[in-house]
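Analysis of the macromolecular model
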Amino acid sequence: MTEKMNVKNLEKSYKVELILKNILVYGFLGIMAIIVVVPFYWMIISALKTQAETEMIPPTLFPQLLNFQNFPNAMMQADFARYIYNTIFVGVVSTVGTVVTTIFAAFAFARLEFKGKNILFTLFLATMMIPGEMMVITNYITVARLGWIDTYQALIIPFVVSVFYIYLLRQNFKQIPNELYLAAKVDGTGDFKYLLRVMVPIAMPTIISITILKLIGSWNAYIWPNLVADSDSMRLITNGLRKAFTDDQGRSQIHLQMAATTVVTVPLLLVFLFLRKYIMQGVSRSGIKG
Amino acid sequence: MVESKNNLKAWLYLAPALILMAIFIFYPLFNTILIAFKEKYNYMTGEFTQFGFGNFAFIFRNQIFWRTVSNTFFIVFVSVPISIMLSLLIAVGLNSIKPLQKVFQTIFFLPYVTNTIAIGMVFAVMFNQSYGLINTIIGWLGLDNAINWVGYGAGWGRAMTVLLIYSVWEALPFKILIFLSGLQGIDKQYYQAAQIDSTPRVRVFTRITVPLLSPMIAYVAVTSFIGAFKEYTSVVALFGLDTSIRDKGIGTIVWFLYRSLSDPRVGEGSAGWAAAAALFLFVIILIFTFINLYISKKRVHY
């Protein structure tokens, strides 16, 4: 009898504990989720307010009137169409270039035998541990001496190679059984054809991850473009965003500033929501932002 | 014969990547080290007076430089532990729930794909002195809410607080992702055994979860220390112009580096100062990475 009571009490206390635990966990996650989301919310509602409303004290938590006119106005503030065009052009060209150099190099490291392969691969990997600032200084000088300041070359060419992506794809290529390669050889298929017809299709998910991450990286690039292409006609979107609304304290025109910020941010969020799988797969193996 | 043919072919496949890496990664690495020791190096003409430690003497005597060093260390030692602990808690929480798990996971990953400059500007608006959200909330709590967080004259302490909050906010998603995938790989039997022994949750966390997750924690610690040492874009995003950053004394080492590089005093060797700062940063990061690896070798449970 008492034993049964004990069991029941125990069960009850477990249930209470479980409920308490759930309240705690969901409460904590909920608060953190709000902290994560609030900046996005604040950006969007500020983008829809009138200038007068953005300066109201206390601020309104929802716009009194949805003022969509802010978006075209913000785009007119500076030459945003040009910035967007520049960014897309630079992003697409450097992404295509990167994917090509990555596929070739990864293939050489994964399938072909040559002298010094291991040393070279180790050397490649070692560069990932060196802060990029070490390279940026000399690269800036190289670009300046070549007369490439304010050109597309300066924005694209230094970035059509990525050690990390080579590493990622090489790992993926390595998983493809060697028998396939040998069978292709027996059939007289050349290396190049084999690479394009067999390896690339099999490794497509990784290549898609690389493409998306690289495009996002180009969209978000700030430091290098700010350094080498700061003239109004060559600016990329992030740099343009930072410059266009920076009057002395960034105080006036918050509605336009936030509208432009929304234009920069929303495409990224949409890309993320639709291609979540590829992005998270790529990121969980990387740790490199942009 | 066959082997040498294969050799040549391999180098052909490697050529595009290799040539680019030679020009934009390997050569710059050595050249930047060289520049750091070239005194009064004019990067447009390539002239310099002599090899020596002049650039290091210049930056080490510069008060602004030491300010940026202490700022950087402050950011590293405050933001990294906080973000690791927070993301670990979030990951453990996420791992323990079923309903809404995917939704929360998606939300927590959002900061990763966003533009550092763009959202930094949103943070600056939210922390605005008069019509910002943060001061409004502080007002609801009945406290004095005329705090100048990010404007001119805000002062180091407040500006640093905002910078730290923003760095942690930005740093969470990657860490949560890594920790969560680590947690999902832990054998459930450990937890069942602990449950049978009715081990308290805190003990389960410190004795099972943390040790089994230690390889991921070590990995995240190394990458986030390196990232925090290179903090720069968030500073520009939040505070904008150089005058505003100097006004608050909130610059970081990398900020100092880029400021030197774009310094108009080219003839006096401004690029040399930048290179010296870069080398200084590189050495610090190297030392830290080794310390990190050493500790993880001793502590990490594989």
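Scroll up to find the structure this text is about.
The following paragraphs examine the structure supplied in this document. (Residues numbered from 1 in each chain as written. Chains lettered and ligands numbered in written order. Predicted model: local features only at pLDDT ≥ 70, side-chain atom pairs only at ≥ 80, totals over all residues.)

**Here's the deal with the packing of helix H3 (residues 63-95) of chain B against helix H7 (residues 156-184) of chain B**
All names here are of chain B. Rules: Each axis is a line fitted through C-alpha atoms, taken for helices only over the stretch in contact, and angles between the N-to-C directions span 0 to 180 degrees. Strands are runs of DSSP state E lasting at least two residues, helices are runs of H or I lasting at least four, and both sets are numbered from the N terminus onward. Orientation categories follow fixed angle ranges, with anything under 35 degrees roughly parallel, anything over 145 roughly antiparallel, 65 to 115 roughly perpendicular, and all other angles oblique. By definition, any crossing whose near helix is turned counterclockwise from its far helix by less than a right angle is left-handed, and any crossing with a clockwise turn is right-handed. The classification used treats Ala, Val, Leu, Ile, Met, Phe, Trp, Tyr, Cys and Pro as nonpolar, Asp, Glu, Lys and Arg as charged, and all other residues, Gly among them, as polar.
Where H3 contacts H7, the two axes come as close as 7 Å, and the packing angle between them is 40°. Relative to H7, the element H3 is oriented oblique. Both H3 and H7 take part in a crossing whose hand is right-handed. Each residue belonging to the contact of H3 with H7 can be placed in one class, and the counts come to 21 nonpolar, six polar and one charged.

**Let's talk about the nonpolar core**
Threshold: Nonpolar cores are built from buried Ala, Val, Leu, Ile, Met, Phe, Trp, Tyr and Cys residues. These are joined into a set through C-beta atoms within 7 Å. With C-beta atoms placed from the backbone, a residue counts as buried when 20 or more other C-beta atoms lie within 10 Å of its own, as exposed when 12 or fewer do, and as partly exposed for counts between those limits. Once C-beta atoms are placed from the backbone, any two residues with those atoms within 7 Å are in contact.
If you look at the biggest cluster of nonpolar residues, it comprises 157 residues, and the most contacted ones within it are Phe107 and Ile137 of chain A together with Leu238, Ala277 and Ala278 of chain B. Top element by residues in this core is H7 of chain B. It accounts for 14 residues. Ignoring sequence-local partners within four residues, the contact set of Leu238 of chain B consists of Gly120, Phe123, Ala124, Val150, Val162, Leu163 and Tyr166 of chain B.

**With respect to unusual backbone geometry**
Residues and elements named next belong to chain B. Phi angles above zero are rare outside glycine, and Lys40 is one such case at about 50°. You can see Lys40 is positioned in the loop between helix H1 (2-36) and helix H2 (54-60). Residue class for Lys40 comes out partly exposed when judged on the 17 C-beta atoms lying within 10 Å of it. Of note, Leu100 is a non-glycine position whose phi angle comes to about 70°, a positive value. Mapped onto the elements of the fold, Leu100 is located in the loop between H3 and helix H4 (101-113).

**Topic: the interface of chain B and chain A**
Taken together, the contact between chain B and chain A spans 77 residues of the former and 71 residues of the latter. No other element matches H1 of chain B, which puts 19 residues into the side of chain B that touches chain A. Within the side of chain B that touches chain A, the residues separate by chemical class into 55 nonpolar, 20 polar and two charged.

**Some points on the environment of Ile186 of chain B**
All names here are of chain B. Relative to the helices and strands, Ile186 resides in the loop between H7 and helix H8 (188-196). Take Ile186: there are 14 C-beta atoms within 10 Å of it, and that puts it in the partly exposed class. The sequence separation of Ile186 and Thr209 amounts to 23 residues, and the corresponding C-alpha distance is 8.2 Å.

**Focus: H8 of chain B**
Counting buried positions along H8 of chain B yields zero of nine residues, so the element is predominantly exposed. Directly beyond the C-terminal end of H8 of chain B, a positive phi value near 40° is found at Ser198 of chain B.

**Section: the environment of Ile137 of chain B**
Residue and element names in this part refer to chain B. Looking at where Ile137 falls in the secondary structure, it is placed in helix H6 (residues 133-140). Exposure remark for Ile137: the 13 C-beta atoms within 10 Å place this residue in the partly exposed category. For the pair Ile137 and Ala277, spaced 140 residues apart in sequence, the C-alpha separation works out to 41 Å.

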